[in-house]
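Notes for the structure review
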Amino acid sequence: MASHNGNARFLAGGHSLIPMMKLRLADPGHLIDINPIEAELNYIREEGGEIRIGAMTRHRNMLESDVLAKHFPIFFEAEHVLADPVVRNRGTMGGSLCQADPAEDLSGVVTALKGEAVLRGPGGAERVVGMEEFHIGPYMTAVQPDELLIEVRFKVKPGGGSAHEKVERRAGDFAIVAASAALWIEGGVIKDCGLACSAVGPTTMHIGRAEAAVIGKAPSEELFAQAGAMASQDCSPSADGRGPVDYKRHVAGVLSKRALSRAAASALR
Amino acid sequence: MLVSMSINGQTHSHDVEPRMLLVHYIREMAELHGTHWGCDTSNCGICVVLMDGDPIKSCTTLAAMAEGHEITTVEGLEKNGVLDPIQQGFHEMHALQCGFCTPGMMVTGRALIDQHPNPTQMTDYEIREAISGGLCRCTGYVNIVKAIRWAAAYEAAAATGGN
Amino acid sequence: MATETAPGKMATWLEDAKGEVQDAPIGYGRMKRKEDARFIRGKGNYLDDVRLPGMVHGAILRSPYGHARILSIDTSKALAHPKVAAVVIAKDLETLGLAWMPTISYDTQAVLAGDKVRFHMQEVAFVVALDAYSAQDALALIEVEYEVLPAIVNARKAMDADAPLIRDDKVGQTNNLASPTWEAGDKAATDRVFAEADTIVTRDIIDPRVHPSPMETCGMVADMNPETGQLNIYNGNQAPHAHRTVYAQVAGLPEHRIRILCNDIGGGFGNKVPVYPGYVCAIAGSIVAGAPVKWIEDRSENLVSTGFARDYIMQSQMCAKGGKITGLRVDVLADHGAFDSTAQPTKFPAGFFHIVTGSYDLDAAHCTVTAVYTNKAPGGVAYRCSFRITEAVYLVERMVEALAWEMNVDPIELRMRSFIRPEQFPYETATGWTYDSGDYHKTMKVAMEIAGYDQLRQEQQEKAAKGEIMGIGIAFFTEGVGAGPRKHMDILGLAMNDGADLRVHPSGKAVVSISAQTQGQGHETTFAQIVAEELGISPNDITVRHGDTDKTPYGLGTYGSRSTPVSGGAVAVVSRKVRDKARLIAARMLETRPEDLAWEKGRWYVRGDQSKGAAIEDIAEYSYSGSPMPEGLEGGLDAQAVYDPPNLTYPYGAYIAVVDIDPGTGHVHCRRFIAVDDCGVRINPMVVDGQIHGGLTEGVGQALMELISFDEQGNCVNASFMDYLLPTALECPEFELGETVTPCPHHPIGAKGVGESPCVGSPPCITNAVIDGLRVHTQGRVRHMDMPCNPARTWAAMQGNAAPPQ
């Protein structure tokens, strides 16, 4: 990668990059196929109180993972509506996160779960960044040209529940709006919360104000409605073929509330 | 660059441009025309083939990425002059009209049956979801669902020796 | 071999796919398709499968603007590309006389733009290169300088005083009017009916621009042989004979030296009716390069530049008196795009829009259609529709539903009161068309029974009480298909008739050649079944030949549900001619008089002595033998026919849709769809059901998601399958089909055609269901929305902000 002076791209599943190349929107001089190291980077591990997902883990692996289903049901829900089953056989965790499409589902999931990205640079040096730091703009991430995303880590905390809500024009389409929610509830009180919305801003929208508003309170429909209203206000959608701004704001609120409600139900199960 | 892979059990090796898509490798290099091409954006599923048994979109895979892998196309379904049950099911249930999406739909159905823990108990939703990465303009999918179910039932009956 | 690996009966089924079907009916009935054998093995022969020695590859440079003047084109860098054989631009075509081509609506269309580009992705240059990837690379090397002009993408602004003139190439054209206003019906009588009405509803109803999107895009392999002057054209199109005549006219080539080969076609749906500029470019490219040229569109090219459908803005009023519908008036603004290439018979500039009176016995009706040019792609083809009938049916069925709720009458009840009654057939409509046959009340009742209509209405109320939204929609359509009688209908002066040529060989096996062109409809099976029904030969012993203009009789092809009504008529007639000839031969064989013979399927026998007869294969053998033929009769057992239909056929159907709508997001799910079709006699019910499934799915697409739209600069924003959405298996319900059979009285076998019916009836049915759900949810406040009912548009309508599609 270093030898190509930035005119190279890593190629994992190829389901973001190759369509861009076919439409002649991307024209890298060199492609470095990392599929041969899939064995090294395709894993879902539970260790040291963490879930670790390798960057080459295919969407299908996440959809079918018992470990994820147990700790983070949001993965099953999001992967179930992410693209289509054939694409999910190839597309990867790392590819989705690094493409950083603001309408992509998985970035919202990782944000809601407060995941951290592990980046490996020249000489094997690693650094760990949170999602706030990872997403720096539309289709732009903190991953440097000589770095590779190798893993995403999630802390397993007690009382966790999570859910993903998406409205799409048609199965397999990118979201009109999606909301990813995670809650950690102990003793009837929300100890921690993660809420992110997709397709309503230049990057995946982290709805911090809503998170703060629910932490320390008992879960209730009314509380989640307030959180939804904050998501509605704090997101910054733009109008496109999927809908106008007012609609997207409204749906961000509706889906945030629904995701939080279902996350609470799964936490209390 | 030299790219080698197994297609339907036969080794193919050709010197191709690095940008060559797998679908074009299959059609132009291996000269297997049963795999078709339908869109530019990985939405239509016309080009689906199996890579190591999993359905993939061969228009969104570089030929070089298939290096060393096992590819199965529609031409690989029939064995020793006997149709695969999925082919037979598509015929029995009138699951094709123009035939253009049919190869992709059939290999997708083949993989679904192969990978399902209990193929005779597949729900309609499971089948519909499995084929939702492919578009068919002719059949309304109704008979494709029936065809996949037919093949699963046929194989179960054949396995128990009854009918 | 199969029997070794497969047990019992299933082994036989495995044999079946090799064409050895044992249970094929000698005539009509369910029969598995003969054409499947190659398709399920991946052995179809589609356009991209054509490979010719020395073949080179074409690609088209297209306009990035909706409207712009071309200041200069520099092709030198592209020509310097080592793999480029030729670059063709407008001025090169001028020397060949191919710069402009006629459209099928008597307009002209630029093959390559020379003066101006008039729509986004219009053809500007054609590159021929040694391989397809290099041809694409070379496009980027062509330098075109444009002066951007304001674009018009809204038909309502096309006639504004300050609108830029799009067609400045046309002498005498001073505005953007594409054709004079067309009208049908009686305006004065309609005004009187409205003046006396109890209830009037008014709606602006838009049938937005959509695209047929067959899974195989358009393309051509053109092979001009410089030595012989023979032009072989490989091209999946729906009307090969008409295309050949057009190429002869456009290129000035002798028609007998043009041969069109349509092999297998990956769907058409109207998109493969027109002659496109790319085809003429491929032919020109082959002339210039001296080699066969393959050109195949990518998906964006297909979506943005080839035949769109609809784009009708319909101002409508419907009225009722005494509890039934009495009148209708409609003024349509049609958007034809930059060139008028709408597919219509010559005397029908608005197609068969007359059928806008629908299935109802109206006192009067009047309609007008005014067409304008815009900076949008030309086309105006019928997307699974017989010449604007989809637009007309969409309008009338939306209006009936609106009128019913205005009158506070159940929409089925209003239809039942207003239907044409069975005893009124043949029925002349208020716009002057004569419907052949029908029993609409019966068909509607069958649909109600399958749906459990009354229970559905009850369920809807229960759901509404819980805040859930459920909608029930109805559509009852009448179609007019099978164009058409030569006294009324031609395209570019070619009568809309079809030929058939039937040869029974000495062994009793037969080949029937037809002019219809399958794109997946199953002609190789169903046309064999027609011959089988008429002659008693097994359909497995009959080959249906099509798709080669050198080897098939002349005819206008497959669109407008013409195959069964016209070609099917030709095949029945030619079979009967053969049967009549066989009777004369049998009389000679049996040493009796022809009038003493009676026919039973497969054999002529002597009346009164059933044991004495001659089977068709024996007659065939005799006819080719050295035995004497009857006086004046030539040897052999064959015949030709050209079928001139006396009228259109009028299939119809009753559809009911049930949708669930998410109150929070506006997402619509079509939960049930009941379709009861009456298409007259069904040749192969399996194929008929398959056609209905497909058409309903395209209706689901149009009602819920399909839309071709433009930004204000004139760019098409639905240029790929990421944004032009086709329904997947997850959006389609398990269609519930029913049938009634009312034979067509004038068709040789009583069939009416069915391919397009489901696509005509389903868009208004689903849209009515969505509006019905919103109506109940809003206590009657919401009464309207336009397609597509996607989540954002449905939610806006729910808030009372229904907007026309942009």
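As shown above, the structure is provided for reference.
The present account deals with the structure reproduced in this document. Please read these numbers as outputs of a predicted model, since none were measured by experiment.

What about the overall build of chain C?
Scanning chain C from terminus to terminus reveals 20 helices and 32 strands. The globule rule puts the C-alpha radius of gyration for 806 residues at 28 Å, and the 28 Å found for chain C is close to it. Looking at chain C as a whole, 68% of its 806 residues qualify as buried. Pairs at least 24 residues apart make up 78% of the contacts formed inside chain C by residues separated by at least 6 positions. Approximately 25700 Å² of chain C is accessible, and the part contributed by carbon and sulfur atoms is 50%. The positive charge centre, built from 74 side chains, and the negative charge centre, built from 100, are 2 Å apart in chain C.

Brief notes about empty space enclosed by the protein
All names here are of chain C. With the rule as written, the count across this model stands at 13 cavities of 30 Å³ or more. Roughly 500 Å³ of volume is contained in the largest cavity. If you trace the largest cavity, you find 36 residues lining it, with Gln521, Ser563, Gln691, Val754 and Gly755 closest to the centre. Elements with a minimum of two residues in the lining of the largest cavity: helix 15 (523-535), helix 16 (563-590) and helix 18 (685-704). Counted by class, the lining of the largest cavity contains 14 nonpolar, 17 polar and 5 charged residues. Here the second largest cavity is characterised by a volume of approximately 340 Å³. Along the wall of the second largest cavity there are 31 residues; nearest its centre are Ile104, Val273, Pro274, Val275 and Ala343.

Some words on the environment of C:Gly613
All names here are of chain C. Relative to the helices and strands, Gly613 resides in strand 28 (residues 609-615). Exposure remark for Gly613: the relative accessible area of 29% places this residue in the partly exposed category. With 120 residues separating them in the primary sequence, Gly613 and Pro733 have C-alpha atoms 53 Å apart. Excluding anything up to four places from it in sequence, Gly613 contacts Leu590, Arg603, Trp604 and Tyr605.

Thoughts on the interface of chain B and chain C
Counting from both sides, the interface comprises 59 residues of chain B and, opposite them, 68 residues of chain C. Roughly 5400 Å² of surface becomes buried between chain B and chain C when both sides are summed, with 58% attributable to carbon and sulfur atoms. At the boundary of chain B and chain C, one finds 9 salt bridges. For the salt bridge of C:Arg41 with B:Glu78, the shortest nitrogen-to-oxygen distance reads 3.1 Å.

Quick word on the packing of aromatic side chains
By the definition in use, this model includes 30 aromatic pairs over all chains. Ring plane angle 75° and centroid distance 4.9 Å describe the contact between B:Phe100 and C:Tyr46, whose orientation is recorded as edge-to-face. Placement of B:Phe100 in the loop between helix 2 (85-92) and helix 3 (102-115) and of C:Tyr46 in the loop between helix 3 (36-39) and strand 1 (56-62) is noted, with the two residues assigned to different chains. Between C:Phe352 and C:Phe387 the ring centres are 5.1 Å apart and the planes differ by 70°, which places this aromatic pair in the edge-to-face class. A residue pair is termed long-range when its members are at least 10 positions apart, and C:Phe352 in the loop between strand 16 (324-335) and strand 17 (364-372) and C:Phe387 in the loop between strand 17 and helix 11 (389-407) qualify at 35 residues. Given the relative accessible area of 4%, C:Phe387 is considered buried. Counting every residue linked through ring pairs, the aromatic cluster contains C:Tyr360, C:Phe419, C:Phe425, C:Tyr440, C:Phe476 and C:Tyr652. Here C:Arg167 stacks its cationic end above the ring of C:Tyr373, 5.1 Å away from the centre of that ring.

Conventions we followed
- What you see as residue numbers is a count from 1 along each chain, following the sequence as written.
- Naming scheme: in the order in which they are written, chains are lettered from A and ligands are numbered from 1.
- Local features in a predicted model are, by the rule used here, given only for residues with pLDDT of at least 70; side-chain atom pairs are given and counted only at 80 or more, and totals for whole chains, interfaces and linings are based on all residues.
- Excluded from the side-chain calculation are hydrogens and water; included are all heavy atoms of the structure.
- For helices the rule is a DSSP run of H or I covering at least 4 residues; for strands it is a run of E covering at least 2, with both sets numbered from the N terminus onward.
- Only C-alpha atoms enter the radius of gyration; for comparison, a globular chain is expected to reach 2.2 Å times N to the power 0.38, where N is the number of residues.
- Throughout this description, buried means an accessible area under 20% of the type-specific maximum (1.4 Å probe, protein chains only), exposed means over 50%, and partly exposed covers the range between.
- Contacts between residues were defined by any pair of non-hydrogen atoms, one from each residue, lying within 4.5 Å.
- Working definition of accessibility: Shrake-Rupley area with a 1.4 Å probe, residue cover restricted to the visible protein chains.
- For the purpose of charge, His is not counted, nor are the chain termini; Lys and Arg are scored as positive and Asp and Glu as negative.
- Here the site of a charge means atom NZ of a Lys, CZ of an Arg, CG of an Asp or CD of a Glu.
- Using a 1 Å grid laid over the protein atoms alone, points where a 1.4 Å probe fits but cannot get out form a cavity; open sets with protein on both sides within 12 Å along at least 5 of 7 lines form a pocket; any residue with an atom within 4 Å of a point counts as lining.
- Grid points are joined across faces, edges and corners, and a volume is the space filled by probe spheres set on the points.
- Note on residue categories: nonpolar means Ala, Val, Leu, Ile, Met, Phe, Trp, Tyr, Cys or Pro, charged means Asp, Glu, Lys or Arg, and polar means any other residue, Gly included.
- Throughout, buried area stands for the accessible area (probe radius 1.4 Å) lost by two parts on being put together, summed over both.
- Any carboxyl oxygen of Asp or Glu that lies within 4 Å of a side-chain nitrogen of Lys or Arg is treated as forming a salt bridge with it.
- Each Phe, Tyr or Trp ring (for Trp, its six-membered ring) is paired with any other whose centre lies within 6.5 Å, and the angle between the two planes then decides the class: stacked below 30 degrees, edge-to-face above 60, tilted in between.
- Lysine NZ or arginine CZ positioned within 6 Å of the ring centre and within 35 degrees of the ring normal marks a charge as sitting over the ring.

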